[in-house]
Amino acid sequence: MDVNKARTVVVTGANRGLGLEFTRQLLARGDRVVAGCRQPGHADALTELAGAYPGHVHVVPLDVAEERSRAAFVAEVAAGHPAIDLLINNAGVLPSGERFGHLEAAVLEHTLRVNAVAPLMLAQALAPLLARGRRPRVFNISSRLGAIALATSFGTPSYAISKAALNMATVQMAHALAPLGIGVLAASPGWVRTEMGGDKAPLTARESVHDLLEMLDRRQDLGAGEFVDRNGGPLPW
């Protein structure tokens, strides 16, 4: 990939954590970012970035769990951008305090909608724009916690189940989008110090995102549904 050529990149959950850091580093590279977030009016850090990079940030309201919001988002993206080069499905939720015997179906269902259903629906809706992009990719932010082979204890069930579902969605996307020349890849960003990851995590968002973007740059192929770590090493399903 020629990182010197500006790309148009869609980032979901762009107002905080990894999404905000993706936006920051992509802008520093010279890319244009379509930043989806639930409440743009309260996304102060994102607003500051937009001011620092005038004309390079298009902030669009997006609640990935809501079908109407996704449809409005896609319509606005299509109206303002003839093509997309990269879709980063980053938005996610991690419910805390789940205990077996007290699990709630509504929590699991919402987590699945955000973490697994929304990335698939957005990839489907944005596929025509991606097909017109340069070396287009869908990049799904997954987690080691979604690796069934690595599950050794009960914990974060809604999140783990949803990320396992996202991994299968990644494979399904790859088969569906390959005929359009669109690559698909899922990656675990590592345990990152964000609002979701907590302050005990060993990685900063800057380190994680840097590694993820470098990994994408290094790959000669676009991705055919693989599940990898932030450095490109394969992870078990």
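Scroll up for the structure.
Attention in this report is confined to the structure presented alongside it. Not measured: the values here are computed from a predicted model.

1. Let's talk about the sheet that holds strand 5 (residues 137-141)
Inference 1: Taking strand neighbours across the sheet as the criterion, the seven strands line up as 3-2-1-4-5-6-7 in an open arrangement whose pairing is parallel. Looking at which strands have only one partner, the edges of the open sheet turn out to be strand 3 (57-61) and strand 7 (224-228). The sheet shows a mean angle of 15 degrees between the axes of neighbouring strands, taken without regard to direction.
Inference 2: Taken together, the five bridges between strand 5 and strand 6 (residues 183-187) define a ladder with parallel strand orientation. Looking at strand 6, one finds that Arg 137 is bridged to Gly 183.
Inference 3: Relative to the sheet, helix 1 (residues 17-29) contacts strand 1 (8-12), strand 2 (32-37), strand 3, strand 4 (86-89) and strand 5, its axis offset from that of strand 1 by approximately 165 degrees.

2. A word on the side chain of Arg 70
Inference 1: Here Arg 70 is to be found in helix 3 (residues 67-80).
Inference 2: One buried charged residue, Arg 70, remains without a salt bridge, the closest side chain of opposite sign being Glu 67 at 5.1 Å.
Inference 3: Setting aside its immediate chain neighbours within four residues, Arg 70 contacts Leu 62, Asp 63, Val 64, Ala 65, Ala 118, Met 121 and Leu 122.

3. Remarks on the nonpolar core
Inference 1: By size, the foremost hydrophobic cluster in this structure holds 30 residues, and its most contacted members are Val 11, Phe 22, Leu 26, Ile 88, Phe 139 and Met 215.
Inference 2: The set of elements that each furnish at least two residues to this core consists of strand 1, helix 1, strand 2, helix 2 (44-52), strand 4, strand 5, strand 6 and helix 6 (205-218).
Inference 3: Aside from chain neighbours lying at most four places away, what touches Phe 22 is Val 11, Ile 88, Phe 139, Ile 141, Val 209, Leu 212 and Leu 213.
Inference 4: Counting 27 residues, the second-largest nonpolar core is a separate cluster that includes Ala 65, Leu 87, Val 138 and Ala 169.

Rules of the game
Residues numbered from 1 in each chain as written. Predicted model: local features only at pLDDT ≥ 70, side-chain atom pairs only at ≥ 80, totals over all residues. Heavy atoms only, no water. Pairing = 2+ DSSP bridges. Helix = DSSP H or I, 4+ residues; strand = E, 2+ residues; numbered from the N terminus. Axes fitted to C-alpha atoms, helices over the stretch in contact; angles between N-to-C directions. Contact = heavy atoms within 4.5 Å. Buried < 20%, exposed > 50% of the residue type's maximum accessible area, 1.4 Å probe, protein only. Lys, Arg positive; Asp, Glu negative; His and termini not counted. Salt bridge = Lys/Arg side-chain N within 4 Å of Asp/Glu carboxyl O. Core = buried A, V, L, I, M, F, W, Y, C linked by side-chain atoms within 4.5 Å.

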